[in-house]
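Coordinate inspection notes
Here is what each chain is made of, one letter per residue.
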Amino acid sequence: MAYTVNKNDRLTVSVEDLTHDGAGVAKVEGYPLFIPNVLPGEEVEVQVTKTNKKYGFAKLIDVKKASPDRIEPPCPVFWDCGGCQLQHLSYEGQLVQKRKTVRDVMDRIGKLPHVPVHPVKGMDNPWRYRNKSQIPFSERNGKTIAGFYETRTHDIVDTDQCIIQTEEADALMATIKHKLHELGLHAYDEVKHRGMLRHLVVRKARATGEVMVVLVTRTKNLAQKEAIIDVVKTVVPDVTSIMLNVNSKKTNVIFGEETILLYGKPVIVDKIGDTQFEISARSFYQINPEQTEVLYGQALEYAQLTGDETVIDAYCGIGTISLFLAKQAKEVYGVEIVPQAIEDAKRNAELNHIENAYFEAGPAEVVIPNWYKSGKKFDVLVVDPPRKGCDEQLLNTILTHKPGRIVYVSCNPATLARDLRILEDGGYRTEEVQPVDMFPHSSHVECVAWLRKI
Ligand code: SAH
């Protein structure tokens with residue numbers, strides 16, 4: 001009789017692969033076990049933590065035979081914190097693994113074995129890259145804690161340092177945490193809905209060095225306002241902006257509706273290439289600016305603009321790609337579902353004196369057909385959809401009107417592969433896929449692909 005895997009079983013298994021979220025996969029007589037913190041090629045002793053009919057989960061007890069790519073994670077809380085998944089894998093190893101993830105879905109989901117997947121463009125120094133930190137605060141046993149959540153929980157892993165965020169975020173996180181009591185303030189208690197400070201949000205504009213600090217509090221009546229401003233100014237003497245955001249709801253959502261200026265300016269300014277962007281407390285903005293430039297540079301190269309093209313930027317956010325492309329195109333039309341982001345896009349176009357970029361708020365699958373109906377013609381279509389990929393209706397519109405060239409920016413290789421297959425079946429050919437490492441040490445990988453009408 002075949003062996004059945006049960007909860008709490010201790011087993012020694014061989015790790016075959018990594019899933020897209022960074023867990024190892026091992027099979028026990030065909031039954032897959034998912035195991036965090038292990039690597040392909042390793043032999044490990046594990047304990048089963050949960051079983052379902054078709055698969056189970058296990059935790060690492062001991063590494064019997066280590067992968068040559070295994071390293072000691074530089075972060076002391078890596079094993080507990082849910083922020084990173086791959087610090088135990090050398091950075092070179094991470095890039096190889098991410099390329100393999102993309103190759104696998106291109107073959108398995110996209111049935112696209114002919115499409116070249118290039119080596120991942122990584123960072124020279126893959127640390128301290130995050131320009132935004134959203135740090136939850138809480139109290140545990142009468143002590144203030146701050147850090148990031150354990151995987152799939154709301155338990156904060158208390159830490160004074162996170163080596164993928166900026167030095168300023170580290171210093172503010174530690175100092176405010178240790179001074180909170182002194183200031184007569186309590187961190188927010190999620191269960192009792194009491195206490196004051198919920199989150200500390202720190203944003204830094206890489207190109208200009210400007211820093212914004214947002215204190216997210218439960219009520220507007222923050223006592224010791226001046227004292228807190230002084231603490232922030234001591235830690236970051238040339239801070240550009242200190243904001244208060246009020247979130248009085250019992251919710252996981254970080255920001256509330258009301259944002260008040262406490263000190264300095266309400267925005268910071270950053271640059272991607274030579275395009276400037278104004279960032280406010282709640283604006284969406286790419287979180288790894290150095291690699292964003294690599295990503296957009298690749299999108300621009302694949303768009304092959306000569307200055308005569310009319311381009312669509314679908315899922316445009318605050319218009320970052322649109323404005324980046326506008327200088328090389330005749331016209332760019334951006335569409336995005338969040339009206340506030342479209343406001344930001346229009347303001348950023350003005351800020352950069354860009355007059356050939358137009359923006360419209362609404363679902364891409366509705367707005368783009370309307371543009372075509374009104375008689376507009378487009379040469380190049382850029383899409384950068386959320387994880388679920390392009391809307392089916394949008395893909396149908398593309399296949400009806402057939403722009404000559406498509407540049408597909410994707411944060412999810414699986415839905416990218418699915419959509420490329422649909423476009424191939426409809427008369428396009430995928431020429432290249434270039435993965436870019438936007439989030440070192442996490443399991444995510446971003447890709448840019450380009451397709452030609454055949
Ligand atoms: N291109 C931007 C943002 C990409 S993120 C950048 O590089 O910064 C994906 C964006 O798609 C988000 O801003 C999200 O609000 C938007 N979105 C989600 N569904 C949409 C839809 N149906 N139509 C248009 N935009 C949508």
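For clarity, every value in this text was computed on a predicted model and none was experimentally measured.

Quick notes on the packing of aromatic side chains
Taken as a whole, this structure holds 12 aromatic pairs when the rule is applied. With a centroid separation of 5.6 Å and an interplanar angle of 70°, the aromatic rings of Phe34 and Tyr55 are classed as edge-to-face. Highlighted residues: Phe34 in strand β3 (residues 31-35) and Tyr55 in the loop between β4 (43-51) and β5 (56-65), separated in sequence by 21 residues. We classify Tyr55 as partly exposed; its relative accessible area is 34%. Counting every residue linked through ring pairs, the aromatic cluster contains Tyr333, Tyr358, Trp371, Tyr372 and Phe378. Of note, Arg198 hangs over the ring of Tyr188, and the distance from its end group to the ring centre comes to 4.2 Å.

A closer look at the sheet that holds strand β11 (residues 241-246)
In space, the 7 strands of this open sheet follow the order β8-β7-β6-β9-β10-β11-β12, with mixed pairing throughout. Edge positions in the open sheet fall to β8 (156-158) and β12 (258-264), since each of these has one partner strand only. Across the sheet, the mean angle separating the axes of adjacent strands is 30° when strand polarity is ignored. In the sheet, strand β9 (residues 197-204) pairs with strand β10 (residues 211-217) via 7 bridges, with the strands oriented antiparallel. Counterpart to Val202 in the pairing with β10 is Val213. Helix α2 (residues 167-179) rests against β6 (132-140), β7 (143-149), β8, β9 and β10 of the sheet, and its axis sits at about 155° to β9. Most of the contacts of helix α3 (residues 225-235) go to β12, to which it runs at about 60°, and overall it touches β10, β11 and β12.

A look at the environment of Glu16
Position of Glu16 among the secondary structure elements: in strand β1 (residues 10-18). Looking at Glu16, the relative accessible area reads 48%, which means it is partly exposed. Apart from the residues within four sequence positions on either side, Glu16 is in contact with Val25, Lys27 and Pro40.

Concerning the pairing of β1
Looking down a regular strand, the side chains alternate between one sheet face and the other. Examined bridge by bridge, β1 and β4 share 5 bridges and lie antiparallel to one another. By the bridge assignment for β4, Arg10 is matched with Gln47. Here β1 pairs with strand β2 (residues 24-28) via 3 bridges, running antiparallel. Bridge pairing in β2 places Val15 opposite Ala26.

Some words on the packing of helix α7 (residues 364-373) against helix α8 (residues 392-401)
With their axes 8 Å apart at the nearest point, α7 and α8 run at an angle of 20° to one another. Between α7 and α8, the crossing angle belongs to the class labelled roughly parallel. The interaxial crossing formed by α7 with α8 has left-handed handedness. Taken together, the residues of α8 that come into contact with α7 (itself represented by Ala364, Glu365, Ile368, Pro369 and Tyr372) are Gln393, Leu394, Thr397 and His401. Here the contact of α7 with α8 is composed, by residue class, of 5 nonpolar, 3 polar and 1 charged.

Some thoughts on the pattern of salt bridges
Two side chains bearing opposite charge may form a pair once their charged atoms approach each other closely. Applying the stated rule across the entire model yields 27 salt bridges. Measuring nitrogen to oxygen at the nearest pair gives 2.8 Å for the salt bridge that ties Asp160 to Lys177. In this pair, Asp160 sits in the loop between β8 and α2 while Lys177 sits in helix α2, placing the two residues 17 residues apart along the sequence. For Lys179, the salt bridge goes to Glu182, with nearest N and O atoms at 3.9 Å. Lys179 gets classed as partly exposed once you look at its relative accessible area, which sits at 32%. Judged by relative accessible area, Glu182 falls into the exposed class, the value being 62%. Salt bridges here are not isolated pairs; linked through shared partners, they connect Arg10, Glu45, Asp62 and Lys64.

Remarks on the domain arrangement of the protein
When its domains are assigned, the protein resolves into domain 1 (10-65), domain 2 (98-124 + 288-453) and domain 3 (132-272). One C-alpha centre belongs to domain 1, the other to domain 2, and the line joining them spans 36 Å. On the domain 2 side, the residues contacting the 4 residues of domain 1 number 4 residues. Of all residues in domain 1, the largest losses of buried area upon contact with domain 2 belong to Asp17, His20 and Asp21, amounting jointly to 86% of the total for that side. Across the pair Asp17 and Lys100 runs a salt bridge whose closest N-O atoms are separated by 3.1 Å. Here the side of domain 1 that touches domain 2 is composed, by residue class, of no nonpolar, 2 polar and 2 charged.

Focus: the site of the ligand
Gln286, Tyr296, Glu336, Ala364 and Asp384 are the nearest of the 17 residues found near the ligand. In this structure, Thr320 approaches the ligand through a side-chain N or O atom, which is 3.0 Å from an oxygen atom. Within the backbone of Ala364, one N or O atom sits 2.9 Å away from a nitrogen atom of the ligand. Coverage of the ligand by the protein chains reaches 85% of its 570 Å² of free accessible surface.

Calculation criteria
Residues numbered from 1 in each chain as written. Predicted model: local features only at pLDDT ≥ 70, side-chain atom pairs only at ≥ 80, totals over all residues. Heavy atoms only, no water. Phe/Tyr/Trp six-rings, centres within 6.5 Å; stacked < 30°, edge-to-face > 60°. Helix = DSSP H or I, 4+ residues; strand = E, 2+ residues; numbered from the N terminus. Buried < 20%, exposed > 50% of the residue type's maximum accessible area, 1.4 Å probe, protein only. Lys NZ or Arg CZ within 6 Å of the ring centre and 35° of its normal. Pairing = 2+ DSSP bridges. Axes fitted to C-alpha atoms, helices over the stretch in contact; angles between N-to-C directions. Contact = heavy atoms within 4.5 Å. Parallel < 35°, antiparallel > 145°, perpendicular 65-115°, else oblique. Left-handed = near helix turned anticlockwise from the far one by under 90°. Nonpolar A, V, L, I, M, F, W, Y, C, P; charged D, E, K, R; others polar. Salt bridge = Lys/Arg side-chain N within 4 Å of Asp/Glu carboxyl O. Domains from an automatic or database assignment. Buried area = accessible area lost by both parts, 1.4 Å probe. Near = heavy atom within 4 Å. Polar contact = N/O pair within 3.5 Å; in protein donor to acceptor, adjacent residues only side chain to side chain. Areas by Shrake-Rupley, 256 points an atom, 1.4 Å probe, with all protein chains shown as cover.

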